[in-house]
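For reference, the chains in residue letters:
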Amino acid sequence: MFELSALGIGWVSLMMLTLMIALLITGMQLAFVTGLVAVVFAVGWFGPDAVGVVSSRVYSFVGSYVFLAVPMFVMMAALLDRSGIAVDLFDAMKKVGRKIHGGVGVQTLLVAVILASMSGVIGGEIVLLGILALPQMLRLGYDKKLAIGITAAGGALGTMLPPSIVLIIYGLTANVSIGDLFKASFLPAFMLAMFYVIYVLVYSKLYPDKAPIPSDEELAADDAKNVNYVRALFFPLLTVVFVLGSIYGGIASVTEASALGVVGIVISAAIRKELTWMVLKESAQATMRTCGMIIWIGIGATALVGVYNLMGGIDFVEQLILSLSGGNAMLTVLIMMLILFILGMFLDWVGVALLTMPIFVPIIIGLGMDPIWFGVVFCLNMQVSFLSPPFGPAAFYLKSVAPKDISLGLIFKSLIPFIIMQVIALSLVVAFPQLALWWK
Amino acid sequence: MSAEKNNPLNELDHQPRNWLDKIIFKLGDAASIFYLFTVVITFYEIVMRYAFNAPTIWVHETATFVGGILFVLGGSYALATNRHVRIVLLYDSVLDRTQNFLNVFHHIMGLIFTASLIYASYYMAESAFYAPWGEPRLETSGSAWDPAFPAYTKLIILMVFVIMFFQFLFHLIQDLVGIRGRK
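An account of the accompanying structure is given in this report. (Residues numbered from 1 in each chain as written. Chains lettered and ligands numbered in written order. Predicted model: local features only at pLDDT ≥ 70, side-chain atom pairs only at ≥ 80, totals over all residues. Heavy atoms only, no water.)

**So, the overall build of chain A**
If you tally the helices and strands in chain A, you get 21 helices and zero strands. Taking 2.2 N^0.38 as the reference for a compact globule, 440 residues should give roughly 22 Å; the C-alpha atoms of chain A span a radius of gyration of 23 Å, in line with that estimate. Over its C-alpha atoms, taken along the principal directions, chain A stretches across nearly 80 × 50 × 45 Å. For chain A, with 440 residues in total, the buried portion stands at 62%. Of all intrachain contacts in chain A linking residues separated by at least 6 positions in sequence, the fraction that spans at least 24 positions is 78%. Separation between the mean location of the 22 positive side-chain charges and that of the 22 negative ones in chain A comes to 8 Å. (Helix = DSSP H or I, 4+ residues; strand = E, 2+ residues; numbered from the N terminus. Rg over C-alpha atoms; globule rule 2.2 N^0.38 Å. Buried < 20%, exposed > 50% of the residue type's maximum accessible area, 1.4 Å probe, protein only. Contact = heavy atoms within 4.5 Å. Lys, Arg positive; Asp, Glu negative; His and termini not counted. Charge placed at Lys NZ, Arg CZ, Asp CG, Glu CD.)

The following block contains the structure:
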């Protein structure tokens, strides 16, 4: 066997990174790239028996109870997609500020916030808003860029507002309370949503013709539509209260709360007479699809980190980062955020979280900072990478449902002001950790 | 172009490619119902605990076990339907012929990965089914209820890696035949 350990951890880290990037560029699946690199270096450093490290990592990863919250929240989103709850929500929200410029944009953002507190996945919500709200805004004559930005940035909020799968995975990796993470992320997420609302209002004030008011006929048509508010709002909101209430109140674990959420949406759908066996079956299948993908990225990444840790790599990176920052807490956080940003351009967020957090979180704790706060910082970082080129998933999801003439380039251009707002929110949370930790 | 590949609504890219993939696809769709089962029993536990003050001893471990199996199976399912996340920026911009060669390369890498994991998870499963002194016994969870779920999970991990090995093998054969056919 070739003795990689003779080369020293510095060179081997570089080799691992190079191999990983090279394999990724060929278009090989992320889950298998990380898994394979883990195997190759386990064998190269320790000898053939070390492959056992990888398989035992697979076992412990899939046997985690908390992780079960992921498919349940995915299923909640899948059920929402297949019921008319979102449509009714949007119709009900049409009453809000409909006679001011930018009103529909604000409505869309409000719907996005409510939907976000019912589901924690990126994708589903953007697709929903892209089908519901985007055509409405375009029809009214909204500026294309404004409408696109509202839809994609609003939809991406799903991963920031609790219950968010990004936070669940962070909590698992960093070994901190997910309930605390949900408490901490609420205010920053709400703040970000408010930034968007203020932006839309100010923009519409400055350029009223880019965010027109619906015509009188249209308003009359909306009034004629008989929205059953109890049906539209009461049960979905009750579900939100139940899910978040049981987590915040410490009544149920996150997994149990997510099961309550699924039951709540199922009941809401049943009351609306939309519950069929087909809907349940399709939602379960959609869950299988999404989770197989998410969890295997996790399996690969956790295997790689496990092997790297045994090789002493985590200590190496820790020393490297600390020597770069000279032990300065703020500088360390900035370096980490730069690494997160760069990785976020190439890897899926699950991979980013599982690869970096086992290394970053001990450093954060060692420097006397709060890992809960860092979780919120991470989450905001991922918000930025959801919208940023070249791989911003939000843009791709929106593209899949947007009218044909809206190009990917236009979507990314439209997102620039929203990315700036995200960076402002991120800077505020970094500069004022109380924003995330006021409740402590 | 990469928008097409990442398009979640584009079902054409996600069709199973051969009989094995088709079986896994069907099996995965059928098994997905068990996600609902984990919801139902977790809800049952909450009701029992708060309404009847009678927490169960089996829900927690059963839900974790069922979820774990679905997670492992999901990898094979995603492979059968080509849903694993990849970076397609370069992959999408090369010629079809080059893409074929890249696919062949991916399958070979996949074969190396799954073969190593079959080796590793075989030993992991073996020690869950036999005591170190060679006597058959099942590894249990060690809780008050003490089910043999760890042993079963380890066996299923081994089985899924074996299945994935054959998925990669069949994809490799299909793509090699495709390359030869084109010449």
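From this point, the narrative continues.
**Overview of the overall build of chain B**
The number of helices and strands found in chain B is six helices and zero strands. Starting at the N terminus, the α and β elements of chain B follow one another as α-α-α-α-α-α. Against the compact-globule benchmark of 16 Å for 183 residues, chain B has a radius of gyration of 21 Å, which places it well outside the compact range. By its C-alpha atoms, chain B is 70 × 45 × 25 Å across when sized along the principal axes. Across the 183 residues in chain B, those meeting the buried criterion constitute 50%. Restricting to contacts in chain B with at least 6 residues of sequence separation, those with at least 24 account for 68%. Surface summary for chain B: the accessible area is close to 9200 Å², and the carbon and sulfur share equals 68%. (Areas by Shrake-Rupley, 256 points an atom, 1.4 Å probe, with all protein chains shown as cover.)

**Here we look at the side chain of Gln99(B)**
All names here are of chain B. Turning to its location among the elements, Gln99 is positioned in helix H5 (residues 96-129). Classification of Gln99 as buried rests on a relative accessible area of 15%. Beyond its immediate chain neighbours, meaning those up to four positions away, Gln99 contacts Tyr91, Asp92 and Val94.

**Some points on the layout of surface pockets**
Residues and elements named next belong to chain A. Approximately 820 Å³ is the volume attributed to the second largest pocket. Along its surface, the second largest pocket is lined by 25 residues, and Leu17, Val317, Ile339, Leu343 and Ile359 are the ones closest to its centre. Elements supplying a minimum of two residues to the lining of the second largest pocket: helix H1 (9-25), helix H14 (277-310), helix H15 (313-325), helix H16 (329-346) and helix H17 (349-366). In terms of residue count, H1 provides more of the lining of the second largest pocket than any other element does, seven residues in total. (1 Å grid on protein atoms, 1.4 Å probe; cavity = no way out; pocket = protein on both sides within 12 Å on 5 of 7 lines; lining within 4 Å. Points joined across faces, edges and corners; volume = space filled by probe spheres on them.)

Scope: geometric values only; no functional claims are made or implied.
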